[in-house]
Amino acid sequence: MNKEKIIYPDYNRSIINITASILQYFGCETKYPALKELSKEYLDKFDNIIFLVVDGLGAKLIEHHLADNAMFRKNNATTLTSVFPPTTAAAISSYLSGVSPWEHGIIGWTLYLKEYFKMVDFLPLSDATNGEFLPEEYSKIHEKFHFESIFKIINELRPEVEQHYVTPESLAKSKYTKMASDSAEIFSYSAFGQALDYIHQTVKENSNKKLFYCYTGEPDKSMHKLGVYKSSIKDIIESLQSQIQALHKNLSSTKSLILVTADHGMIEVEESIYANEDKAFWDSLILPTFPEPRFISCFIHKDKEADFLAFAKKYSAEFILLSKVELIEKSLLGKGSPHPRVQEMLGDYVLIAKSSKAIQTIYQSKESTFKFKGMHAGLTEKEMLVPLIILD
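Residues numbered from 1 in each chain as written. Predicted model: local features only at pLDDT ≥ 70, side-chain atom pairs only at ≥ 80, totals over all residues. Heavy atoms only, no water.

### Comments concerning the sheet that holds strand β3 (residues 110-113)
Then comes step 1: The sheet built from 3 strands is open, its strands ordered β3-β4-β5 with antiparallel pairing. The open sheet terminates on both sides in strands that have one partner only, identified here as β3 and β5 (126-127).
Then comes step 2: As paired strands, strand β4 (residues 118-121) and β5 are joined by 2 bridges and run antiparallel to one another. The residue bridging aspartate 121 from the neighbouring strand is serine 126, located in β5. (Pairing = 2+ DSSP bridges. Helix = DSSP H or I, 4+ residues; strand = E, 2+ residues; numbered from the N terminus.)

Encoded structure:
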């Protein structure tokens, strides 16, 4: 087993601080400090801020796949941490709210909602046990984790600023997108080039100040299936880089700033431990493993706590064991006032990956368990570190 470097979130130098910098540029108050690289004095030079979030584009990933003189690497102004856990649901929610997972409560892909007696994959609103989308009556789930969108905050203070939320077609009509975009105009696309064309054309339409948020699900989607190091992943990254480089060139005559970053990085998983196959461990759990295979919240039968701790000791080289109290004291999920639902989703203990292993539950109601080759949500540098690429 290769020893991985552990990185803890730094909420003074994290992805939240990019959002804080943008909010401060527009004169809004923030809970977190701005980055020195994105000071108000620097941002004041621009009329258009284009904020591109490339899912899974970790700092270690671009170091592996791209040459030193590649645009993404040459223009990487600094390396930041993601939030914890470094996973899309938690990180994107922090980008779009300006607060930590501790505050917005979305602590991972799968959340246990006791009032529905269900494990729910939060962003797509699907049943985690069988993968099926939930019917309309479950749409109120997103409201239970409603956060104040940065677009709403900016619009209340600076209504003259044009706001644009650019997202894949598959996400455009979701309740989450409606909440997160708030006052921004939504543009949906089927190919990333369409998103960049829209940004280019919209910037050139008039001289109004504009803020764009644009998200793409690659290379994360492909890395889950193929792993981190395939040549096809390099091709995806180079294609994204080329398209963004073209946008930068097309906007050279305008006062536009392009920020390229990620929600998290990715690690290649060598082995998944299936909770159901370890009887003593499985019998010690009250609930199945969630919210992520590399960050699991463990609700334990008190009379079987010794069995659970024996499992944790067996895998102590691969997973960090923390009690609920220790997790909160370390402020891994962030600081500030906790979301009303966050603590009820934290079990007696948590296990956090620090190696290339993961822990998954096999649900009997699913026809098959898809074995991801690339994963995230642990504390390794491959998952936690993201670039801040500045193109001005």
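Back to the text.
### Some points on the pairing of strand β1 (residues 48-54)
Then comes step 1: Among the 7 residues of β1, 7 are classified as buried, and the element is accordingly described as predominantly covered.
Then comes step 2: Because side chains alternate across β1, one face comprises the buried residues Asn48, Ile50, Leu52 and Val54, and the other comprises Ile49, Phe51 and Val53, equally buried.
Then comes step 3: Pairing geometry for β1 and strand β8 (residues 210-216), over 7 bridges, is parallel. Its bridge partner lying in β8, leucine 52 is registered against cysteine 214.
Then comes step 4: As defined by bridge partners, β1 adjoins strand β9 (residues 256-261) across 6 bridges and the pair is classed as parallel. Its bridge partner being in β9, phenylalanine 51 is matched across the sheet by leucine 259. (Buried < 20%, exposed > 50% of the residue type's maximum accessible area, 1.4 Å probe, protein only.)

### Focus on the nonpolar core
Then comes step 1: Ranked by internal contacts, the top residues of the largest apolar core, which has 118 residues, are Ile18, Phe72, Tyr176, Ile199, Ile244, Val260 and Ile352.
Then comes step 2: When residues in this core are grouped by element, the largest group, 7 residues, is from helix α1 (residues 15-25).
Then comes step 3: When residues no more than four places from it in sequence are discounted, the contact partners of isoleucine 352 are Phe84, Arg294, Phe295, Glu318, Phe319, Ile320, Leu322, Leu327, Leu332, Gly378 and Leu379. (Core = buried A, V, L, I, M, F, W, Y, C linked by side-chain atoms within 4.5 Å. Contact = heavy atoms within 4.5 Å.)

### Digging into the packing of aromatic side chains
Then comes step 1: One pass over the full model with this rule turns up 18 aromatic pairs.
Then comes step 2: Here the aromatic rings of tyrosine 42 and phenylalanine 46 are separated by 5.3 Å at their centres, their planes lie at 70°, and the arrangement is edge-to-face. A single burial state applies to tyrosine 42 and to phenylalanine 46, both of which are buried.
Then comes step 3: Ring centres of tyrosine 165 and tyrosine 213 lie 5.1 Å apart, and the angle between their planes is 45°; on these two criteria the pair is classed as tilted. In this pair, tyrosine 165 sits in strand β6 (residues 162-168) while tyrosine 213 sits in strand β8, placing the two residues 48 residues apart along the sequence.
Then comes step 4: Judged by its relative accessible area of 3%, tyrosine 165 is buried.
Then comes step 5: Counting every residue linked through ring pairs, the aromatic cluster contains Phe51, Tyr95, Phe151, Tyr165 and Tyr213. (Phe/Tyr/Trp six-rings, centres within 6.5 Å; stacked < 30°, edge-to-face > 60°.)

All we've got here are geometric facts, nothing functional implied.
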